[in-house]
Amino acid sequence: MSTIGTHSGAFQADEALGVWMLRRLPQYANSLLVRTRDLEKLKPLTIVIDVGGTYDHDVLRYDHHQRGFFETFDGANKAAKDGGRPDVTGPETATGEFKTKLSASGLVYKHYGRELIAALHPSLRSSPEKIEWVYKRMYIEFMEGIDANDNGIEIADTTRYRETTTLPSRVHRLNAPWNAPKDGPTEDERFAQASSLCGEEFASALAHLVDVELPARDVVEAALLARNGVDPSGEILCLTSGGCPWKTHLYELERAHAVPKPVKFVLYEDSSGMWRVQAVTVEGTAFTNRLGLLEKWRGVR
């Protein structure tokens, strides 16, 4: 029987999620979970995450606490790999687009995420390009926050308040409090509850991408390819599906199709049946339009 290892003691969303993800894969579906910090007990286990001081995909070891580690979603610690000082690590040493250091669950997702997505949504197995889109988008929208939180990376240099309703915060509260009754749930029972909670959140976020965002992407792509039939300029998009999320998809698809002139306006029918026009903002901004509507048209129905 295969075995999964992680550390004992207080647990976080990181390893709780990592264990849940592994158990969704056929090869680890029925694996025994061993929670220990004893290196001798970890040695014979099939796969180990978040403990052991080693990251080596070839031997199925996925810890991120060791000195010199700075693996990212699409890159690695260039300084360490090139023989540089192992203590010189940080975003500046990352070789890819992403600069957030991975946690243990981030390592699991990096290596098994595509397989996990296919296991949870078998209909995507025949569409590698869709799996690839979901794989990257799921990291951006869900996994990167887990990685950053577990590695102590603040979301901003200065914050106005503390956010304590996040998944890591909820998992933290599942640990036994200092005054927990001795006949209450065991540590392993509490960990199982935390792992289930993380899995529910992951599965829900993934289902939204697959069931909501992917169909929307298809709608936006079809509209983008048909834009010259709306107006010869090719700068006006008409969406026939009201309420379809389009902004992120439009920016990505314009690049994918090497659109010569970016779309300026989007026409769409809202839930009440009224047609609306919306100016497309400059990517990365909330209110700066590529081209604004005439002043006298603004706010007019």
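Everything that follows concerns the structure shown earlier in this document.
Residues numbered from 1 in each chain as written. Predicted model: local features only at pLDDT ≥ 70, side-chain atom pairs only at ≥ 80, totals over all residues. Heavy atoms only, no water.

Q: Break down unusual backbone geometry for me, citing the residues and quoting the values.
A: A positive phi angle, close to 65 degrees, is found at Asp50, a residue other than glycine. In this structure, Asp50 sits in the loop between strand E3 (47–49) and strand E4 (55–56). For Ala258, which is not glycine, the phi dihedral falls at a positive 50 degrees. With respect to the helices, strands and loops of the structure, Ala258 is situated in the loop between helix H8 (247–256) and strand E7 (265–269). (Helix = DSSP H or I, 4+ residues; strand = E, 2+ residues; numbered from the N terminus.)

Q: Kindly report on the sheet that holds E7, identifying the contributing residues and their values.
A: Across the sheet, three strands lie side by side as E6-E7-E8; this open sheet has mixed pairing. Looking at the sheet topology across the chains shown, the edges are occupied by strand E6 (236–239) and strand E8 (275–279). Going from strand to strand, the sheet's axes swing by 20 degrees on average, the running direction of each strand aside. Inspection of the sheet shows E7 paired to E8 by five bridges, in the antiparallel sense. Counted as the bridge partner of Glu269 is Trp275 from E8. (Pairing = 2+ DSSP bridges. Axes fitted to C-alpha atoms, helices over the stretch in contact; angles between N-to-C directions.)

Q: Describe the side chain of Glu235, listing the residues and the values that go with them.
A: As for its position among the elements, Glu235 is in the loop between helix H7 (187–225) and E6. For Glu235, a relative accessible area of 19% puts it in the buried group. At 2.4 Å, the side chain of Glu235 and the side chain of Lys264 are in polar contact. Once residues within four sequence positions are removed from consideration, Glu235 is found in contact with Lys261, Pro262, Val263, Lys264 and Phe265. (Buried < 20%, exposed > 50% of the residue type's maximum accessible area, 1.4 Å probe, protein only. Polar contact = N/O pair within 3.5 Å; in protein donor to acceptor, adjacent residues only side chain to side chain. Contact = heavy atoms within 4.5 Å.)

Q: Which residues make up the pattern of salt bridges, and what values go with them?
A: Evaluated as defined, the whole model comprises 17 salt bridges. The closest approach of N and O atoms between Glu40 and Lys43, which form a salt bridge, is 3.0 Å. In this structure, Arg298 engages Glu295 in a salt bridge whose closest nitrogen and oxygen atoms are separated by 3.0 Å. The class for Glu295 is exposed, based on a relative accessible area of 59%. Three or more residues joined by partner-sharing salt bridges are found here, namely Arg137, Glu141, Arg217 and Glu252. (Salt bridge = Lys/Arg side-chain N within 4 Å of Asp/Glu carboxyl O.)

Q: I'd love a proper account of the packing of helix H1 (residues 13–23) against helix H5 (residues 128–150), names of residues and values included.
A: Geometrically, a packed helix pair is captured by the angle between its two axes and the distance between the axes. Remark: H1 packs on H5, axes separated minimally by 10 Å, with the N-to-C direction vectors making an angle of 140 degrees. Comparing the axis directions of H1 and H5 gives the class oblique. Contacts from Asp14, Leu17 and Met21 in H1 reach Phe142, Met143, Ile146 and Asp150 in H5. By residue class, the composition of the contact of H1 with H5 is five nonpolar, no polar and two charged. (Parallel < 35°, antiparallel > 145°, perpendicular 65-115°, else oblique. Nonpolar A, V, L, I, M, F, W, Y, C, P; charged D, E, K, R; others polar.)

Q: How would you summarise H8 if you had to cite specific residues and measurements?
A: One turn of an α-helix holds 3.6 residues; hence residues three or four places apart share an orientation. Among the residues of H8, those classed as buried are His249, Leu250, Tyr251, Glu252, Leu253 and Glu254. The first or second residue beyond H8 is Ala258, which carries a positive phi of 50 degrees.

Q: Hey, could you go over the sheet that holds strand E2 (residues 32–35) for me, with residue numbers and the actual values?
A: With respect to topology, five strands assemble into an open sheet ordered E2-E1-E3-E5-E4, the strand pairing being mixed. Two strands lie at the open edges of the sheet, namely E2 and E4, each paired on one side alone. Inspection of the sheet shows E3 paired to strand E5 (residues 61–62) by two bridges, in the parallel sense. In the sheet register, Ile49 faces E5, and the bridge partner there is Tyr62.

Q: Kindly report on the layout of surface pockets, identifying the contributing residues and their values.
A: Its boundaries defined by the atoms lining it, the largest pocket holds a volume of some 670 Å³. Along the walls of the largest pocket sit 22 residues, with Asn149, Ile153, Ile155, Glu163 and Thr166 positioned nearest its centre. Looking at the lining of the largest pocket, the elements with two or more residues in it are H5 and helix H6 (167–172). The element contributing the most residues to the lining of the largest pocket is H5, with eight residues. The residue makeup of the lining of the largest pocket, split by class, is nine nonpolar, seven polar and six charged. (1 Å grid on protein atoms, 1.4 Å probe; cavity = no way out; pocket = protein on both sides within 12 Å on 5 of 7 lines; lining within 4 Å. Points joined across faces, edges and corners; volume = space filled by probe spheres on them.)

Q: Quick rundown of the pairing of strand E1 (residues 3–6)? Include the residues and the values.
A: Burial along E1 is two-sided: Thr3 and Gly5 facing one way and Ile4 and Thr6 facing the other are all buried. Summarising the sheet, E1 and E2 pair through four bridges and their orientation is parallel. Bridge pairing in E2 places Gly5 opposite Val34. Once the chain exits E1 it traverses H1 before rejoining the sheet at E2, and the crossover so formed is right-handed. One ladder, built from two bridges, connects E1 with E3; its direction is parallel. Of the residues in E3, the one forming a bridge with Gly5 is Val48. (Right-handed = clockwise from strand over helix to strand, strands pointing away.)

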